[in-house]
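These are the residues of each chain, in order.
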Amino acid sequence: MSRGERSRGRRAGHPPSGGLLPWALSLPARLHLRWLVILVVTAAVMGAYARVLVTAAPMPPDKAPTAPAAGGDDSSPDAPRATKAPSQSDTGQ
């Protein structure tokens, strides 16, 4: 085998037998640009999430969750009242 002859196992310029998509997806790793791809994907996801947060409609006041009173005595008239589930002895017979 002469020195000028190219080895048969190396096919750097051609896409592998797996197809174009795996070749394209491995391109950043082969070019040592993984960190750049990670940053771009992270920025895109954060931007999409920020857009959802900014463009979301506000929650209507009548649907907002209510926090229990600080004292825990539920003395406010607007506080939701807990109902007691009927027990076996409350059958009314």
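Scroll up to find the structure.
These remarks concern the structure in this document. For clarity, every value in this text was computed on a predicted model and none was experimentally measured.

Rules of the game
Residues numbered from 1 in each chain as written. Predicted model: local features only at pLDDT ≥ 70, side-chain atom pairs only at ≥ 80, totals over all residues. Heavy atoms only, no water. Helix = DSSP H or I, 4+ residues; strand = E, 2+ residues; numbered from the N terminus. Buried < 20%, exposed > 50% of the residue type's maximum accessible area, 1.4 Å probe, protein only. Areas by Shrake-Rupley, 256 points an atom, 1.4 Å probe, with all protein chains shown as cover. Patch = residues over 30% accessible without salt bridge, like charges linked within 9 Å, V, L, I, M, F, W, Y side chains within 5 Å. Salt bridge = Lys/Arg side-chain N within 4 Å of Asp/Glu carboxyl O.

Describing the overall build of the protein
When you go through the protein residue by residue, the secondary structure sums to two helices and zero strands. Per-residue burial for the protein yields a buried fraction of 1% across its 93 residues. Approximately 9,100 Å² of the protein is accessible, and the part contributed by carbon and sulfur atoms is 62%.

Points about unusual backbone geometry
It is generally the case that most residues other than glycine have a negative phi and that most peptide bonds are trans. Of note, the phi angle at His32 is positive, near 60°, even though the residue is not glycine. With respect to the helices, strands and loops of the structure, His32 is situated in the loop between helix H1 (20-30) and helix H2 (34-55).

Points about a nonpolar patch on the surface
Side chains of Leu27, Leu31, Leu33, Trp35, Leu36, Leu39 and Val40 sit close together on the surface and give an oily, nonpolar patch of about 640 Å² of accessible area. Considering every element that reaches the nonpolar patch, the biggest residue donor is H2, with four residues. Inspection of the secondary structure puts Leu27 in helix H1. On the basis of relative accessibility, which here comes to 31%, the residue Leu27 falls in the partly exposed class.

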